[in-house]
Amino acid sequence: MSLGLELACVLLILGTARAMIPIQCGSPAHVARKVCCPIFWGDGSPCGSASGRGRCQDIMGETPKERAERAREHRNTRDFRLWWPTYFFRHLCVCQGHFGGVDCGECAYGWQGAKCQVKHIVIRRDISTLSLAEQRLFVHRLHLAKTTLSQRYVIYASSSPVPYSPLVFHRATVYDVAVFLHYICFKMVSVDSETTFGHRGTAFLSWHRLHCIHLENEIRNMTGDQSFSLPYWSWPGKTHCDVCTNNLFGASLPNGQLSSLSIFSSWRKFCDEVGNQPSGFHQVCSPLLGGPIIRHNHNRELPTWADVRSCLQLQAFDTYPYDTTALNSFRNMLE
């Protein structure tokens, strides 16, 4: 199994962790204890155990010898992704049935209702079919997410660019928490490889689908609108970026920056990299505010409908060696 697929499986199975540090567990004391089993407000018990929602469990089930070996390996690596989530926590809430969330106080993805027994179906629409008012509401909610501190998660980052500097917790906005999730999975596995956990491998589609679901869910929690969904852009056959307008994602200026008439021109990059940091973990997410968004116009042609049909005809989801050289691979051609 590829590294990317392994991480995708972990993220999907351990949905309560959601690849972030829950704000209830965002302290060195929690990491020192290796326990993240918050109290569910509804019944006052860890993980809602009194209501049958979940239990605080040792997710490893290791022998003392296995635990010592894992601890030794942890000390010799900075890439905490290889040991997610046990690099931070051994005991987590394991939710029952359709319950979810870090304290099992929510419904799992795709469910809603007081007892999480009602299917939650949301339709993602083509952005071109949205009315002008709907488009403006969507842009407003993205901007709100960019400017509102997350009340649910913190990020784990380096205290400085000095190699092996301590890792610390930082607050971040709802949107920047999602940015961090993508950023941390995009960091290369090593300086000698182009392999990443979320790109150029088997996990590409599964991981990005979960990433979109995460952002949708966080915006729903922020706004209280459980019908919110991310629209999609149908780009096959287009000759240009027809969503790159000031009503939507901002018109491009000759220097690559966005028009001042776009709300996105005020956005600043988050976890901006310096030097060779994308290739290692000497620094994880610089706390410094990055520059404005730059849109790199490479004048590349967008895929045609013929390209789409050719991709859909491939029978194998992925093929050996499960990277950018894989032949007859639906995943590789799509990516």
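Note that this is a predicted model, so its numbers are computed, not measured. In every chain, residue numbers begin from 1 and rise along the written sequence. With pLDDT at 70 or above as the cut-off, local features in this predicted model cover only qualifying residues; side-chain atom pairs require 80 or more to be listed or tallied, and sums for whole chains, interfaces and linings still use all residues. Note: side-chain values were computed over all heavy atoms of the structure, leaving out hydrogens and water.

(A) Region of the structure containing the side chain of histidine 214. By the criteria applied, helices consist of DSSP H or I runs no shorter than four residues and strands consist of E runs no shorter than two, each listed in order from the N terminus. Within the secondary structure, histidine 214 sits in helix H6 (residues 204-223). Under the scheme applied here, a residue whose accessible area is under 20% of the maximum for its type counts as buried, over 50% as exposed, and between as partly exposed, the area being computed with a 1.4 Å probe on protein chains only. What makes histidine 214 buried here is its relative accessible area of 2%. Residues are treated as being in contact if the distance between any of their heavy atoms lies within 4.5 Å. Setting aside residues no more than four positions away along its own chain, histidine 214 makes contact with Tyr109, Tyr153, Val177, Ala178 and Leu181.

(B) Just helix H5 (residues 174-186), in detail. For H5, which comprises 13 residues, the first-to-last C-alpha distance of 19 Å matches the rise-based estimate of 18 Å (1.5 Å per residue) to within 8%. Within H5 the residues assigned to the buried category are Val174, Asp176, Val177, Ala178, Phe180, Leu181, Tyr183, Ile184 and Cys185. By this rule the span expected of a helix is its residue count minus one, scaled by 1.5 Å.

(C) Broad picture of the pattern of salt bridges. Just to be clear on terms, a salt bridge is a Lys or Arg side-chain nitrogen sitting within 4 Å of an Asp or Glu carboxyl oxygen. Throughout the structure, instances matching the rule amount to 11 salt bridges. The salt bridge partner of aspartate 242 is lysine 238, with a shortest N-O separation of 2.9 Å. According to the relative accessible area criterion, aspartate 242 is partly exposed, its value standing at 31%. One salt-bridge network, held together by shared partners, links Glu106, Arg152 and Glu218.

(D) Region of interest: the sheet that holds strand E2 (residues 35-36). Strand order in the open sheet formed by 3 strands is E2-E6-E5, with mixed pairing between adjacent strands. The outermost strands of the open sheet, each flanked by one partner alone, are E2 and strand E5 (54-58). Pairing between strands is defined by DSSP: at least two bridges between the two strands are required.

(E) Broad picture of the side chain of arginine 53. The topology assignment puts arginine 53 in the loop between strand E4 (45-46) and E5. Distance and chemistry together define a polar contact, namely a pair of N or O atoms within 3.5 Å, with one atom able to donate a hydrogen and the other to accept it when in protein, and with adjacent residues in sequence counting only for side-chain atoms on both sides. A polar atom in the side chain of arginine 53 sits 2.6 Å from the backbone oxygen of cysteine 104. Look past the residues within four positions of arginine 53 in its chain and what remains in contact with it is Phe40, Cys47, Gly48, Cys95, Gln96, Phe99, Cys104, Gly105, Glu106, Ala114 and Cys116.

(F) Representation of the sheet that holds strand E11 (residues 153-158) within the structure. The strand order across the open sheet formed by 3 strands is E1-E11-E12, and the pairing between neighbours is antiparallel. Pairing within the sheet leaves two strands with one partner each, and these edge strands are strand E1 (21-22) and strand E12 (167-170). For E1 and E11, the ladder comprises 2 bridges, and the chain directions are antiparallel. The residue of E11 that forms the bridge with proline 22 is tyrosine 153.

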